[in-house]
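Breakdown of the fold
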Amino acid sequence: MSYFNTWINDPKIMRTGPTNLFVLVLLTFIGTRLQAQELQKSADKTSISSPQIKISVDKKTGMVNYIFSDGSHIDNAAAYIKDVSSGYLPTSAFSGHSCTIEPVTDQIGKGLCLTVKHSDAQHYISLTQQFTLYQGKKYALIKVSATSADRPIETRDISPIAILPASKGKLFIPGAEPRVLDVPFDNDDWTPTLERRWPKAKEPKSKGISYEFLAVYDQLNNSGLVIGSVEHDFWKTGLSYQTAAELGYIDSLSVFGGVATADDPSLKPGYGGLDGTHDHTEHGTALGQKVSSPTIYISSSDDLHETFKDFGRVNSIMNGIQTWQAPAPVYWNSFGVEGVLGYEKVMMPKAVHQISDFLYSMPNFSAYSKPVLSVDSYDQGIYTTEVLKEIGEYGAENGQQMGFYFIPFAMWSWKDNIKGHKVPGSDYLLEDVLLRDKNGRPIMYKDGEWGAYAMDPSHPAIRLYIIQQLKKAKAINAKFLKIDFLTAGSLETTKRYDPKVRTGMQAYNYGMKTLRHLVDSIMGKEIFITQAISPLFPHQYAHTRFVSTDVYSHLRDDQKGFPGWGSTESSLAIGSHMGWIQGTLFPYTNMDVSIMKNFQRNPDLTEQEIKVRLYAMMVMGSILGDGSDYRNPIAAYRAQKFLNNKKIAEFFSDPKAFIPIKMADGESYDQQLSFYLPGDVTMLALFNFNLKKDFKQVFTRRALHLNAKTKYELRDFMNDNVIGHLEANALELSTTAGPGTAVMMKIVPVK
């Protein structure tokens, strides 16, 4: 029996109980075993710790302290609930705080759970916090439950960890350049991820709400703290924060289940304008004699990327993950040619045959998987199921397969023209299936004269509608599904078909689970699913998801003649913080399609912009898609040059996200970013979106995981030409990307 098992089964040291004795548990890793040691007894505190985290509870106040091995710490953290009837109740309001420690074994592994019950005779509700540390893991999981013996509790705001100014709570991370990573709820509206700085003298404090997760990190060292939800079947999780005046300190942070925020056109998109949950009414409530918060992951280390990967891994352990055994799919998508295919007669069905023929002419592009002909939004009067089936049959002769696009939880319609219309595939009236705002009106998820109404995933009409769409997909022998505008299904509502479904996230999770089951049963399990506009979580129903909104492949958002959104720079600025999702949440990411000449009616791209775009897709571990009209000779020439490149095709057969070295910082378009992918042959990428200055960066061997005293050749990725050397006695590698360019190189050991 290991030291760990011996210790956790000793009843004398497992409980402080009514004696109010303090037990400090020190967990020290010895190989793969845990050794525990009782250090002291006290009436004041109970702590558990691992080599990475110490969690300590003050039994007089109920406050919790966290100390991390990288020097980060949280002081005087509380938990709370806001009951709809009785109001706000923090753990500090109770006079009694009792602690127990018990062993746990669950899907993550073996560990210890510190349970703290906050109760007294003055409150009919008690709060119970749970803190779990696992053997060999660098993180903790925390949760709070509220219990009542004699009456129901109802809440739409419950927090297992809250740093409150009234309790003198503080969070601190070390480092000279601290940032708060503030992320939007979904990937819609080209909303940026924010890197919030600490204020200078007389500037207001930085504050906001991040959704589902947040990081507080040092920009220079890529170290810091990640905190976020690992449960996504009921709550939308908000992380409301405010920086302190003192560098590196947060003086307010509430991590809570129950966030619901409306769009606000008076605010900038990332600052409350479009980054929220897009709701039109309050978050639904949890109701019962026991209600619980989402389970929260927390970890801090000197390797922010690995801390994020652990966050992703825990989410997948707890919720599941899709796998893909075959080479990654490659595809052509029609949206880059025409927004609604056929509507403006830009590309009629016979022209798709020409696309198929051209794809056939690119043997490297087709070498690893059958290319997908992904017809996006289309004029259903032209591209009927019979026509799509015929296109699929034509493509099959060229060694290709079909894709299918649909929107499961929203219905496009002319505004105020929904009466009498039925949900396709059902006999249910559309108006009876729509979600409702706080005034009882149907919710327009996408407002406009031609807009999208949000539908209730719990309604049986949605199941019938999805079945109808999947039968269409099966009829054309589709093997690739693109599902879009999924956020509509996560919206809160004042009316729902199934009263047991109480929140938007609960309904969305139900709808996605239903969709995944129907795909498996109708089309088979070997169907690749990509999510377009959608929340990041729950993630377990698809193989990939757009990192950002649609990308048009121009270099920067401020380019003359282009829309002020959808650039390679803006998508990679977001992506520089999100590469950890590849391999932890999804097999791949999706950076949308490349473009070889022009997106729809946008101006033409340069070849340099195309190269930068493809390299950006590579460093994100994206699948490869293209949205070009190859009937144009320039587009065809460039496709042969780039998409049919052997090195490009080989990489995208099994794409892997690079590790960020220099991430995006701030709102400037002049971002200068770098990434690397370690291996027997290390890959290094630099991106310089500054149009006036070179981007020069110096890397140590250690930073790139290169062997000491080994000579390396530096080879251009595209053509394998030698472009430099790292001599055996050289300690550093210096690389430069010129203005508006990107560099992708292989670092090859010389034998």
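Residues numbered from 1 in each chain as written. Predicted model: local features only at pLDDT ≥ 70, side-chain atom pairs only at ≥ 80, totals over all residues. Heavy atoms only, no water.

Further remarks concern the packing of aromatic side chains. Taken as a whole, this structure holds 35 aromatic pairs when the rule is applied. Ring centres of Phe213 and Trp580 lie 5.6 Å apart, and the angle between their planes is 90°; on these two criteria the pair is classed as edge-to-face. With Phe213 in strand S17 (residues 213-218) and Trp580 in the loop between helix H8 (568-575) and helix H9 (607-619), the pair connects residues that are 367 residues apart, well separated along the chain. Residue classification places Trp580 among the buried residues on the basis of a relative accessible area of 1%. An aromatic cluster of at least three residues, connected via ring pairs, comprises Tyr134, Tyr139, Phe213, Tyr297, Phe308, Phe311, Phe537 and Trp580. The side chain of Arg151 reaches across the aromatic face of Tyr124, ending 3.9 Å from its centre. Positioned above the aromatic ring of Tyr445, the side-chain terminus of Lys446 is 5.2 Å from the ring centre. (Phe/Tyr/Trp six-rings, centres within 6.5 Å; stacked < 30°, edge-to-face > 60°. Helix = DSSP H or I, 4+ residues; strand = E, 2+ residues; numbered from the N terminus. Buried < 20%, exposed > 50% of the residue type's maximum accessible area, 1.4 Å probe, protein only. Lys NZ or Arg CZ within 6 Å of the ring centre and 35° of its normal.)

Secondary-structure assignment places Asn398 in the loop between helix H5 (385-397) and strand S26 (401-406). Distance from Asn398 to Tyr360, taken between C-alpha atoms, is 5.8 Å for residues 38 residues apart in sequence. Aside from chain neighbours lying at most four places away, what touches Asn398 is Ser356, Asp357 and Tyr360. At a separation of 3.0 Å, a polar atom in the side chain of Asn398 contacts the side chain of Asp357. (Contact = heavy atoms within 4.5 Å. Polar contact = N/O pair within 3.5 Å; in protein donor to acceptor, adjacent residues only side chain to side chain.)

Attention now moves to helix H4 (residues 349-360). Residue pairs spaced three or four apart in an α-helix point in one direction, given the helix's 3.6 residues per turn. For H4, with 12 residues, the first-to-last C-alpha span of 17 Å sits near the 16 Å given by 1.5 Å per residue. Of all the residues in H4, the buried ones are Pro349, Ala351, Val352, His353, Ile355, Ser356, Phe358 and Leu359. For H4, the secondary structure elements touched by its buried residues are strand S24 (330-333), strand S25 (372-374), H5 and helix H10 (633-642). (Expected span 1.5 Å × (residues − 1).)

Here H4 crosses H5 at 20°, and the two axes come no closer than 10 Å. On the basis of the axis angle, H4 is roughly parallel to H5. When you trace H4 past H5, the crossing you get is right-handed. Contacts between H4 and H5 involve Pro349, Val352, His353, Ser356 and Asp357 from the first element and Val387, Glu390, Ile391, Tyr394 and Gly395 from the second. Here the residues of the contact of H4 with H5 sort into 5 nonpolar, 3 polar and 2 charged. (Axes fitted to C-alpha atoms, helices over the stretch in contact; angles between N-to-C directions. Parallel < 35°, antiparallel > 145°, perpendicular 65-115°, else oblique. Left-handed = near helix turned anticlockwise from the far one by under 90°. Nonpolar A, V, L, I, M, F, W, Y, C, P; charged D, E, K, R; others polar.)

Next up on the list: the sheet that holds strand S27 (residues 410-414). Taken in spatial order, the 3 strands make up an open sheet running S27-S29-S28, and their pairing is antiparallel. Only two strands of the sheet have a single neighbouring strand rather than two, namely S27 and strand S28 (444-446). Averaged over all pairs of adjacent strands, the angle between their axes in this sheet comes to 45°, without regard to strand direction. As paired elements, S27 and strand S29 (residues 450-454) share 5 bridges and run antiparallel to each other. Residue pairing in the sheet places Met411 in a bridge with Tyr453 of S29. (Pairing = 2+ DSSP bridges.)

Moving on, we get to the nonpolar core. Phe213, Leu572 and Phe687 are the most contacted members of the largest nonpolar core, which has 142 residues in total. The biggest single contributor to this core is H9, with 8 residues. Apart from residues lying up to four places away in sequence, Phe213 is in contact with Leu181, Val183, Ile227, Gly228, Leu239, Phe308, Phe311, Leu536, Phe537, Met578 and Trp580. Counting 35 residues, the second largest nonpolar core, distinct from the first, contains Ile101, Phe131, Ala140 and Ile298. (Core = buried A, V, L, I, M, F, W, Y, C linked by side-chain atoms within 4.5 Å.)

The next point concerns the packing of H9 against H10. In contact at an axis separation of 12 Å, H9 and H10 are set at 40° when each is read in the N-to-C sense. Considered as vectors, H9 and H10 are oriented oblique to each other. Between H9 and H10 lies a crossing whose hand is right-handed. Taking contact as the criterion, the partners of Glu607, Ile610, Lys611 and Leu614 in H9 are, on H10, Tyr637, Arg638, Lys641 and Phe642. By residue class, the composition of the contact of H9 with H10 is 4 nonpolar, no polar and 4 charged.

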